[in-house]
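Chain by chain, the residues run as shown.
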Protein chains: 2
Amino acid sequence: MTTLASPPPAVPDAFLDALTRIVGPAHVLTDADDLALHLREERGIWQGRAVALVRPGSTAEVAEVAKACAASRVPVVPHGGNTGLVGAGVPFGGIVLSLARMNRVRAVDPLNATMTVEAGCVLADVQQAAADHGLLFPLSLPSEGSCRIGGNLATNAGGTAVLRYGNARELMLGLEVVLADGQVWNGLKGLRKDNTGYDLRHLFVGSEGTLGIITAAVLKLFPAVRAQATAFIGCGSTEAALAVFSRLRAEAGESLVAFEYLPRFALEIVLKHAPDAAKPLAEAHHSYALIELASPRGDADLTGMLETILSQEIEAGRLEDATITASEAQRNALWLLRERISETQRFEGGSIKHDVSVPVSRVAEFIETAGAACRAVMPGARPLGFGHVGDGNIHFNISQPVGMERAEFLAAWERFNEVVHGIVQGMDGSISAEHGIGLLKRDELPHYKDPVALDLMARIKGVLDPQNILNPGKVLRIGDDLPPAIPLGKTG
Amino acid sequence: MTTLASPPPAVPDAFLDALTRIVGPAHVLTDADDLALHLREERGIWQGRAVALVRPGSTAEVAEVAKACAASRVPVVPHGGNTGLVGAGVPFGGIVLSLARMNRVRAVDPLNATMTVEAGCVLADVQQAAADHGLLFPLSLPSEGSCRIGGNLATNAGGTAVLRYGNARELMLGLEVVLADGQVWNGLKGLRKDNTGYDLRHLFVGSEGTLGIITAAVLKLFPAVRAQATAFIGCGSTEAALAVFSRLRAEAGESLVAFEYLPRFALEIVLKHAPDAAKPLAEAHHSYALIELASPRGDADLTGMLETILSQEIEAGRLEDATITASEAQRNALWLLRERISETQRFEGGSIKHDVSVPVSRVAEFIETAGAACRAVMPGARPLGFGHVGDGNIHFNISQPVGMERAEFLAAWERFNEVVHGIVQGMDGSISAEHGIGLLKRDELPHYKDPVALDLMARIKGVLDPQNILNPGKVLRIGDDLPPAIPLGKTG
């Protein structure tokens, strides 16, 4: 774990008093115990430092806190659930501004199919509020019980339903944002069409708290699901799995909600290490996929469609085996196989992870090429590319060779990154499909991103946050007084 | 028609020579005849001026032209099909840069469901290229035979399929853009997930050529439609029509592609003035809607679903009458009723138009309130609110009182704008749903847009186009040497 040697920048004496006057003494916390959870991050790579945890209860309070920080040039790191995976929430001095108290659903408009929520709403609560009105908010992530919608938007969260519903970005119609100088931009419109000038919303979504503090949003809602069908298929190759995907997309169209790919190695480790996992198909196959169809039409015969298509694919020899679920319990058993991959991989020793995307047409080639390249870098390395291949997103993890020392394996971290990201680059892909840049990939980004894009990003950061106090040092490196982006203590 | 009194700014002698060296003598046109079509605009309100029409054949040539313009501080107005409705393409000095020669489909990737096209591709050709691969590019507009995809993106075009597929913005995955200084940003990625920094794409989409020149784009494609059903309904109120919409959305979900509203007055004028229009229902009703369902599933029983839902709605008394088409000819006959509204309204004398949106939940209230307000402004005025109400977009036109002088009616233009836009504002709506701001609404925008948003827009314009040479005077008023935004010669 990396604890930075340099102390946080000095904070004027009167600064904390000013914050206390704004949010009340109960909501400016400076005790180490109160701060602790906000100084850690999910991967356990960095240990942050902050002078205070500040918990405003309203947009007006956020704006006043931002003004105070701007006046004293104190850095502000906004926090939702602090579940990010790239260190974007790690403070290095300044304050952590938690949005957790701002957790009201301000309005639900069923006829407009929208919901106005504050940034601190937990994702699962947003889903539930939609369900309470017979509607669906489809964003779904492993951390949905603790991540908060403001963070989902600030990082443009993805997940398993992107294929059908899009990323967090595509699920948002309007935003309320506190800017670096404390001004409040009220863009909380619930409109499907609004061509009155530049689209500011999309600048803030995915900016990881570096351009503004999202305080509320208008979200798109969808008709509730009334019919569902789930299948698990086994194929002789990754290409074969993608051919089935292509046919399903053409014929099932928007009913195709998820297409999650698992290589043989993934299923093997889940079956080996997860006591609650059950073998889905009789034989072993090269590749597997979990398929889910869903529709608001209660009478949509999705199971019938899956049966027809999958049995035709088996007859044609493109598919080796398939099972379609007949109950919710069976469905949960299949999803468990997908969800247990990351945690069971830990039992196989160190793992070096990549969250990448390529065009769907190159997914099979990517998995093969990157796998071979990793085995060439380190004989015995066990690459495992899985995930949301229906939207081109591959979680490409490499498990250490059997019997190797963990530290020896992890020493090759940068080398593996270089090789995998180089292949991604050659396929017009992305080195961060859904997790973002944060600190983890900040210093890698200039090697892969179009230089004109980087220049535009820096110019936009400069004009929106001229003092560089909004989550400084994340996404872009500006100035020299920043923490190292290549962490000293890696945990794989 | 407004011809500006002030001459275009002087252009250095060597400037046209430099352009000629870049694009060749055949593509720098200075004759009045060659320029004429590019100095007019669809509404016939403004007459532009330009020193030359420049027609580059490649992105590299666009970049060189932009560099030359930046070096000499010459304004550049990018043109696609010049079909815009708000005067965004009117040049006042400087050059018109036509993208029309850049009309290649660079690539189609069926498995990725994307297509890479140059900005000058005509929209209908883009649709056809997708169809040639068994896929759908769903953007559809009345001007699709002449508008070009670069212009569609620069203006974030809407149309009749937004309800299901979104605006041009939502149909775009990547962009290539020439910046004000001639740098080329290559953002031509065909990825559904890419969280590597700020989203620059959405800044350029909808910026009406004021932030950069879009030269190419990666577009999303969809499965081809294999089943379709179309209906025309008659109801006793606007609320009743929207209640049917709400039920269809909940039960048909993404199969609901279009829901177009027509008030009684709209159908009356179409039946009166369009010789090819036929009465769709036996009796007259307060409100009508054209409904279309579509699915990639060939066996989707969309007609059956419509029959069930609409007959239940009739039994329940929420719907007065309905017809479902049994042939393509019948379908075309229904769509003709919708498409003829604007042109037949001309036979009723002057018309003052608004392109607005409100939350879908307030559409009925808007149509009623705005209609009453217009009749209060001018007794006998005949308001006609119609259009894409499924996405909240109402084309709210006002026909002149019968027998009044056209000029007398048009003199109330600003007063009607004020009243209608004031009601829109009070409902958290937009004064420009799909047409944009251009010149037509530029000076109105500050009255309705959040001042913080306007300030952000100006700051972004300043950092991306510091010399204000990209389509100057459109969307935002910067500096004083600009054409009047309230046109002198209105045509209704």
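The rules behind these values
- Residues numbered from 1 in each chain as written.
- Chains lettered and ligands numbered in written order.
- Predicted model: local features only at pLDDT ≥ 70, side-chain atom pairs only at ≥ 80, totals over all residues.
- Heavy atoms only, no water.
- Helix = DSSP H or I, 4+ residues; strand = E, 2+ residues; numbered from the N terminus.
- Buried < 20%, exposed > 50% of the residue type's maximum accessible area, 1.4 Å probe, protein only.
- Contact = heavy atoms within 4.5 Å.
- Areas by Shrake-Rupley, 256 points an atom, 1.4 Å probe, with all protein chains shown as cover.
- Expected span 1.5 Å × (residues − 1).
- Phe/Tyr/Trp six-rings, centres within 6.5 Å; stacked < 30°, edge-to-face > 60°.
- Lys NZ or Arg CZ within 6 Å of the ring centre and 35° of its normal.
- Pairing = 2+ DSSP bridges.
- Axes fitted to C-alpha atoms, helices over the stretch in contact; angles between N-to-C directions.
- UniProt positions renumbered as here; feature names shortened; annotations may be inferred.
- Buried area = accessible area lost by both parts, 1.4 Å probe.
- Salt bridge = Lys/Arg side-chain N within 4 Å of Asp/Glu carboxyl O.
- Polar contact = N/O pair within 3.5 Å; in protein donor to acceptor, adjacent residues only side chain to side chain.
- Nonpolar A, V, L, I, M, F, W, Y, C, P; charged D, E, K, R; others polar.
- Least-squares fit on C-alpha atoms with pLDDT ≥ 70 in both.
- Domains from an automatic or database assignment.
- Parallel < 35°, antiparallel > 145°, perpendicular 65-115°, else oblique.
- Core = buried A, V, L, I, M, F, W, Y, C linked by side-chain atoms within 4.5 Å.
- Left-handed = near helix turned anticlockwise from the far one by under 90°.

### Focus: the overall build of chain A
Line of reasoning, step 1. Within chain A one finds 17 helices and 21 strands.
Line of reasoning, step 2. Counting only C-alpha atoms and orienting by the principal axes, one finds that chain A spans roughly 75 × 60 × 45 Å.
Line of reasoning, step 3. The buried share of chain A, taken over its 492 residues, is 62%.
Line of reasoning, step 4. Looking at chain A alone, contacts between residues at least 24 apart form 75% of all its contacts between residues at least 6 apart.
Line of reasoning, step 5. Counting only carbon and sulfur atoms, one obtains 51% of the accessible surface of chain A, whose full area is about 17300 Å².

### A few points about the environment of V389(B)
Residue and element names in this part refer to chain B.
Line of reasoning, step 1. Among the secondary structure elements, V389 is positioned in the loop between β20 (382–386) and β21 (393–399).
Line of reasoning, step 2. Overall, V389 belongs to the buried group, its relative accessible area being 1%.
Line of reasoning, step 3. It is 9.2 Å that separates the C-alpha atoms of V389 and A258, two residues lying 131 residues apart in sequence.
Line of reasoning, step 4. Not counting chain neighbours up to four residues away, the residues in contact with V389 comprise L242, F259, Y261, V360, V363 and I394.

### Some details on helix α15 (residues 413–426) of chain B
The periodicity of an α-helix, 3.6 residues per turn, causes residues three or four places apart in sequence to face the same way.
Residue and element names in this part refer to chain B.
Line of reasoning, step 1. Its 14 residues place the ends of α15 20 Å apart at the C-alpha level, agreeing with the 20 Å of an ideal helix rising 1.5 Å per residue.
Line of reasoning, step 2. The set of residues buried in α15 consists of W413, F416, N417, V419, V420, H421, I423 and V424.
Line of reasoning, step 3. Against β18 (351–352), β19 (355–357), α13 (363–377), β21, α14 (406–410) and α16 (445–448) lie the buried residues of α15.

### Comments concerning the packing of aromatic side chains
Line of reasoning, step 1. Enumeration over the complete set of coordinates arrives at 12 aromatic pairs over all chains.
Line of reasoning, step 2. The aromatic ring of Y165(A) is capped on one face by R164(A), whose charged end is 4.4 Å from the ring centroid.

### Structural notes on the sheet that holds strand β8 (residues 114–118) of chain A
Residues and elements named next belong to chain A.
Line of reasoning, step 1. Here we have five strands laid out as an open sheet, ordered β7-β8-β12-β10-β11, and antiparallel in their pairing. Strands at the two margins of the open sheet, each flanked by one partner only, are β7 (105–109) and β11 (184–187). Pairs of neighbouring strands in the sheet enclose a mean axial angle of 10°, with direction left out of account.
Line of reasoning, step 2. Bridge analysis of strand β10 (residues 172–178) against strand β12 (residues 213–220) gives six bridges, and the strand direction is antiparallel. Bridged to G174 within β12 is V218.
Line of reasoning, step 3. Along the sheet face, helix α4 (residues 123–132) touches β7, β8 and β12 and points at about 145° away from the line of β8.

### A closer look at the UniProt feature "domain: FAD-binding PCMH-type" (unreviewed entry) in chain A
Line of reasoning, step 1. Cross-referencing UniProt, the feature "domain: FAD-binding PCMH-type" (unreviewed entry) maps to residues 46–224 of chain A in the present numbering.
Line of reasoning, step 2. Summarising residues 46–224 of chain A: 21% helix, 26% strand, and an end-to-end C-alpha distance of 41 Å.

### Regarding the interface of chain B and chain A
Line of reasoning, step 1. Taken together, the contact between chain B and chain A spans 87 residues of the former and 86 residues of the latter.
Line of reasoning, step 2. With both sides pooled, the region where chain B packs onto chain A buries about 7200 Å², and carbon together with sulfur makes up 55% of that total.
Line of reasoning, step 3. When the buried surface of chain B facing chain A is broken down by residue, K193(B), N195(B) and Y198(B) rank first, second and third, together holding 15% of it.
Line of reasoning, step 4. If you look at where chain B meets chain A, you find eight salt bridges.
Line of reasoning, step 5. Among the salt bridges present, the one from D199(B) reaches R169(A), with a minimum N-O distance of 3.2 Å.
Line of reasoning, step 6. The interface formed by chain B and chain A contains 48 residue pairs in polar contact (both at pLDDT 80 or more).
Line of reasoning, step 7. The set of elements that each furnish at least two residues to the side of chain B that touches chain A consists of α6 (162–165), β11 (184–187), α7 (201–204), α8 (238–252), α10 (302–315) and α17 (451–464) of chain B.
Line of reasoning, step 8. Here the side of chain B that touches chain A takes 10 residues from α17(B), the largest share from any one element.
Line of reasoning, step 9. When the residues that make up the side of chain B that touches chain A are grouped by side-chain class, the tally is 36 nonpolar, 27 polar and 24 charged.

### What about the relation of the copies chain B and chain A?
Line of reasoning, step 1. Of the two same-sequence chains, chain B is brought onto chain A (RMSD 0.0 Å, axial shift 0.0 Å) by a rotation of 180°. Such a turn and shift between the copies fits a two-fold axis. The rotation axis passes nearest to the C-alpha of H202(B) in chain B, at a distance of 3.1 Å.
Line of reasoning, step 2. Mapped onto chain A, 99% of the interface residues of chain B again fall at the interface, so both copies present the same surface.

### Observations regarding the domain arrangement of chain A
Residue and element names in this part refer to chain A.
Line of reasoning, step 1. Per the domain assignment, the segments of chain A are domain 1 (105–223), domain 2 (227–342) and domain 3 (349–435).
Line of reasoning, step 2. On a C-alpha basis, the centroid separation for the pair domain 1 and domain 3 is 31 Å.
Line of reasoning, step 3. On the domain 3 side, the residues contacting the seven residues of domain 1 number four residues.
Line of reasoning, step 4. In total, domain 1 and domain 3 occlude about 440 Å² of area from one another, counting both sides; carbon and sulfur atoms represent 49% of this.
Line of reasoning, step 5. For the interface between domain 1 and domain 3, the tally reads zero salt bridges.
Line of reasoning, step 6. In this structure, the connection of domain 1 to domain 3 is made through one residue pair in polar contact (both at pLDDT 80 or more).
Line of reasoning, step 7. Taken together, the residues that form the side of domain 1 that touches domain 3 break down as two nonpolar, five polar and no charged.

### What about the packing of helix α1 (residues 13–23) of chain B against helix α3 (residues 59–72) of chain B?
The packing of two helices is summarised by the inter-axis angle and the distance between the axes.
Residue and element names in this part refer to chain B.
Line of reasoning, step 1. Direction vectors running N to C along α1 and α3 enclose 170°, while the axes themselves pass 9 Å from each other. Comparing the axis directions of α1 and α3 gives the class roughly antiparallel. Along its contact with α1, which presents F15, L19, I22 and V23, the element α3 presents E61, E64, V65, A68, C69 and S72.
Line of reasoning, step 2. Looking at the contact of α1 with α3 residue by residue, the classes come out as seven nonpolar, one polar and two charged.

### A word on the sheet that holds strand β16 (residues 287–295) of chain B
Note: strands within a sheet are paired through backbone hydrogen bonds, in either parallel or antiparallel orientation.
All names here are of chain B.
Line of reasoning, step 1. Read from one edge to the other, the open sheet built from four strands follows the order β15-β16-β14-β17, with strand pairing classed as antiparallel. For this open sheet the edge positions go to β15 (256–263) and β17 (321–324), each flanked by a neighbour on one side alone. Across the sheet, the mean angle separating the axes of adjacent strands is 15° when strand polarity is ignored.
Line of reasoning, step 2. Relative to strand β14 (residues 227–235), helix α11 (residues 328–339) is tilted by about 50°, and along the sheet it contacts β14, β15, β16 and β17.

### Let's talk about the nonpolar core
Line of reasoning, step 1. Counting residues in each nonpolar core, the largest one holds 102 residues, and the members touching the most others are F204(A) and F204(B).
Line of reasoning, step 2. If near-sequence neighbours (up to four positions away) are discounted, F204(A) is found in contact with L153(A), A154(A), L175(A), V177(A), L179(A), W185(A), L211(A), G212(A), I214(A), L464(A) and L456(B).
Line of reasoning, step 3. Of all hydrophobic cores here, the second largest spans 63 residues; its members include A229(B), A241(B), V358(B) and A381(B).

### Digging into the pairing of strand β6 (residues 95–98) of chain B
Regular strands place side chains that alternate from one sheet face to the opposite one.
Residue and element names in this part refer to chain B.
Line of reasoning, step 1. Covered by surrounding structure in β6 are I95 and L97 together with V96 and S98, the residues of both alternating faces.
Line of reasoning, step 2. Sheet topology places strand β4 (residues 52–54) next to β6; three bridges connect them, and they run parallel. Paired with A52 across the strands is I95, a residue of β6.
Line of reasoning, step 3. For strand β5 (residues 76–79) and β6, the ladder comprises four bridges, and the chain directions are parallel. Looking at the pairing, V77 lines up with V96 of β6.

### Examining α11(B)
Line of reasoning, step 1. Relative to the 16 Å expected for 12 residues at 1.5 Å per residue, α11(B) spans 16 Å between its end C-alpha atoms, a close match to the ideal helical length.
Line of reasoning, step 2. Listed as buried for α11(B) are R331(B), L334(B), W335(B), L336(B), L337(B) and R338(B).

### With respect to the pattern of salt bridges
Line of reasoning, step 1. Here the structure, examined in full by the defined rule, presents 54 salt bridges over all chains.
Line of reasoning, step 2. A salt bridge links K272(B) to E348(B), with the nearest nitrogen and oxygen atoms 3.3 Å apart. Highlighted residues: K272(B) in helix α9 (residues 264–273) and E348(B) in the loop between α12 (341–345) and β18, separated in sequence by 76 residues.
Line of reasoning, step 3. Each member of the salt-bridge network shares a partner with another, and the members are R104(A), R106(A), E118(A) and E176(A).

### Some details on unusual backbone geometry
All names here are of chain B.
Line of reasoning, step 1. Here D428, not a glycine, exhibits a phi torsion of approximately 55°, which is positive.
Line of reasoning, step 2. Here D428 is to be found in the loop between α15 and α16.
Line of reasoning, step 3. Its identity as a non-glycine residue notwithstanding, N471 has a phi of 40°, on the positive side.
Line of reasoning, step 4. Structurally, the position occupied by N471 is in the segment after α17.
Line of reasoning, step 5. On the basis of relative accessibility, which here comes to 2%, the residue N471 falls in the buried class.

### Remarks on the packing of α13(B) against α15(B)
Residue and element names in this part refer to chain B.
Line of reasoning, step 1. In contact at an axis separation of 10 Å, α13 and α15 are set at 155° when each is read in the N-to-C sense. Overall, the two elements α13 and α15 adopt an arrangement that is roughly antiparallel. By crossing handedness, the relation of α13 to α15 is classed as right-handed. Contact residues: F366, T369, A370, A373, C374 and V377 in α13; R415, F416, V419, V420, I423 and V424 in α15.
Line of reasoning, step 2. Tallied by class, the residues present in the contact of α13 with α15 amount to 10 nonpolar, one polar and one charged.

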